[in-house]
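Read off the chains here:
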Amino acid sequence: MNQEILAATARALAATGKGILAADESGGTIKKRFDAIGAESTEQTRQAYRNMLFVTEGMEQHISGVIMFDETVRQSTADGTPFPAYLAARGVQPGIKVDRGAKPLAGHPGESVTEGLDGLRERLAEYATLGLTFAKWRAVITIGDGIPSAACIGSNAEALARYAALCQEAGIVPVVEPEVLLDGSHTMERCREVTGQTLAAVFAALAAHRVYLPGIILKPNMVVAGADCPDQPGSAEVARQTLELLSAQVPAEVPGIAFLSGGQTELQATANLQAMNAIADIGKPWRLTFSYGRALQQSALQSWSGNSEQLPAGQAAFLHRARMNGAATSGSYSEALETGS
Ligand code: 13P
């Protein structure tokens, strides 16, 4: 493990004013996104869409890294430059989703465990030769009646730690993503409790597996109420609850915390990140940034709608969200900036 390289990559991913674009939708997920805009999902349309995002002029000022899917890291720009090399040349870290998805956890209805550890060492070795500098593994925790169970939290934490150790062995920075889902009618307090239990288990497992904390990025959910909860807190409350919890659970050696958007609207995700970075009375030893999928792509997808004539409109929408979230990482986002007024 080369600690210096790992720490430098992690610091670059969490650089001020920048965050991560999660464009690593699996075949099934990207089809769902394309279905919603009436576009067909083929190898060629997926290349065209990802190409649109990646070649957007100026995006490198706000985007520190891009997470891709296996198919995408083997695709190229129009002039034949492989996407990983193209992004690296623009100063953007190329990353790869390496988990094989959340699968039903045996004996635990409604719960899942993320798979993909078998053969991971060999896959990471190949990804390193393709120039990928960081990776992602997403664990999914569902809140419901009597769940999550200790078995679900424990097995997901263990898998995240084994993945993270393997990444670091290959010189690749692991993005450690334990996602407590937004789905459900649970309160914000319940989300805080479960997120706290999950983070405690994850950091215990990372320590047991000797993961080098300056060489990781944590990708958590924010503390929010379930999507169907009648009592929805505002950004200031989300920010305070989230920061209090992270202060208690996340060691200061972790260089960056890059949130997932998890189904929040584009504007909510930006406002919540802004509110966290604006809080001055809670210590923040790590950088707080974004690793958004939907919250960076929703308007871009809609503007593009699978139509090649709309590529500039799609890029403008993507660049706008990247700029707004970049501003939110330094606490300088505002409604005036959003609307350009
Ligand atoms: P969302 O921001 O759409 O939740 O996606 C982030 C991600 O990478 C989930 O694994």
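See the structure shown above.
## Brief notes about the overall build of the protein
Line of reasoning, step 1. Each helix and strand in the protein was counted, giving 13 helices and ten strands.
Line of reasoning, step 2. Computed over C-alpha atoms, the radius of gyration of the protein comes to 19 Å, within 12% of the 20 Å expected from 2.2 N^0.38 for 341 residues, which places it in the range of a compact globule.
Line of reasoning, step 3. Structurally, the protein occupies a C-alpha span of about 50 × 50 × 40 Å along its principal axes.
Line of reasoning, step 4. Counting only residues that meet the buried cut, the protein has 53% of its 341 residues in that class.
Line of reasoning, step 5. Residue pairs in contact within the protein that sit at least 24 positions apart in sequence constitute 79% of those at least 6 positions apart.

## What about the layout of surface pockets?
Line of reasoning, step 1. Quantified by volume, the largest pocket comes out at close to 630 Å³.
Line of reasoning, step 2. Around the largest pocket sit 28 residues that line it, and Thr29, Arg33, Arg138, Glu179 and Arg294 are the ones nearest its centre.
Line of reasoning, step 3. If you list the elements that add at least two residues to the lining of the largest pocket, you get α2 (27–36), β6 (134–141), β7 (173–180) and β10 (287–292).
Line of reasoning, step 4. The volume enclosed by the second largest pocket comes to roughly 210 Å³.
Line of reasoning, step 5. Surrounding the second largest pocket, 13 residues form its lining, Leu182, Val224, Gln232, Gln264 and Gln268 being those nearest its centre.

## Overview of the environment of Val180
Line of reasoning, step 1. Note on placement: Val180 falls in strand β7.
Line of reasoning, step 2. A relative accessible area of 4% means that Val180 is categorised as buried.
Line of reasoning, step 3. Separated by 41 residues in the primary sequence, Val180 and Asn221 have C-alpha atoms spaced 6.2 Å apart.
Line of reasoning, step 4. Setting aside chain neighbours within four positions, we find Val180 in contact with Ile141, Ile143, Val194, Thr195, Thr198 and Asn221.

## Description of empty space enclosed by the protein
Line of reasoning, step 1. Overall, the coordinates contain one cavity of 30 Å³ or more when judged by the stated rule.
Line of reasoning, step 2. Quantified by volume, the largest cavity comes out at close to 70 Å³.
Line of reasoning, step 3. Taken together, Glu179, Val180, Leu181, Leu182, Cys191, Asn221, Met222, Val224, Leu260, Ser261, Gly262 and Gln264 make up the full set of residues lining the largest cavity.
Line of reasoning, step 4. Residues of the lining of the largest cavity, tallied by class, amount to seven nonpolar, four polar and one charged.

## As for the sheet that holds β10
Line of reasoning, step 1. Around the barrel, which closes on itself, the eight strands sit in the order β1-β2-β3-β6-β7-β8-β9-β10 with parallel pairing between neighbours.
Line of reasoning, step 2. Sitting on the sheet, helix α7 (residues 150–169) is in contact with β6 and β7, with an inclination near 175 degrees to β6.

## Re the site of the ligand
Line of reasoning, step 1. The local shell around the ligand holds 13 residues, among which Lys136, Lys219, Ser261, Gly262 and Arg294 are the closest.
Line of reasoning, step 2. Taking Lys219, its side chain carries an N or O atom lying 2.6 Å from an oxygen atom of the ligand.
Line of reasoning, step 3. Between the ligand and Arg294 there is a distance of 2.7 Å, counted from an oxygen atom to a side-chain nitrogen or oxygen.
Line of reasoning, step 4. Considered on its own, the ligand offers 300 Å² of accessible surface; in the complex 91% of this is hidden by protein.
Line of reasoning, step 5. Within the residue set of the shell around the ligand, elements represented by two or more residues are β6 and β10.
Line of reasoning, step 6. Within the shell around the ligand, the residues separate by chemical class into three nonpolar, four polar and six charged.

## Considering the packing of aromatic side chains
Line of reasoning, step 1. Going through the model one piece at a time under the given rule, you end up with six aromatic pairs.
Line of reasoning, step 2. With a centroid separation of 5.6 Å and 35 degrees between ring planes, the pair formed by Phe290 and Tyr292 is classed as tilted. With respect to class, Phe290 is no different from Tyr292; both count as buried.
Line of reasoning, step 3. What links up through ring pairs into an aromatic cluster is the set Phe34, Tyr49 and Trp304.

## Focus: the nonpolar core
Line of reasoning, step 1. Ranked by internal contacts, the top residues of the largest apolar core, which has 109 residues, are Phe54, Ile63 and Tyr163.
Line of reasoning, step 2. Take this core: its biggest share by element is ten residues, from α7.
Line of reasoning, step 3. If we skip the residues at most four places from it in the chain, Ile63 touches Lys18, Gly19, Leu21, Val92, Phe290, Leu296, Phe318 and Ala322.

The rules behind the values
- Residues numbered from 1 in each chain as written.
- Predicted model: local features only at pLDDT ≥ 70, side-chain atom pairs only at ≥ 80, totals over all residues.
- Heavy atoms only, no water.
- Helix = DSSP H or I, 4+ residues; strand = E, 2+ residues; numbered from the N terminus.
- Rg over C-alpha atoms; globule rule 2.2 N^0.38 Å.
- Buried < 20%, exposed > 50% of the residue type's maximum accessible area, 1.4 Å probe, protein only.
- Contact = heavy atoms within 4.5 Å.
- 1 Å grid on protein atoms, 1.4 Å probe; cavity = no way out; pocket = protein on both sides within 12 Å on 5 of 7 lines; lining within 4 Å.
- Points joined across faces, edges and corners; volume = space filled by probe spheres on them.
- Nonpolar A, V, L, I, M, F, W, Y, C, P; charged D, E, K, R; others polar.
- Pairing = 2+ DSSP bridges.
- Axes fitted to C-alpha atoms, helices over the stretch in contact; angles between N-to-C directions.
- Near = heavy atom within 4 Å.
- Polar contact = N/O pair within 3.5 Å; in protein donor to acceptor, adjacent residues only side chain to side chain.
- Areas by Shrake-Rupley, 256 points an atom, 1.4 Å probe, with all protein chains shown as cover.
- Phe/Tyr/Trp six-rings, centres within 6.5 Å; stacked < 30°, edge-to-face > 60°.
- Core = buried A, V, L, I, M, F, W, Y, C linked by side-chain atoms within 4.5 Å.

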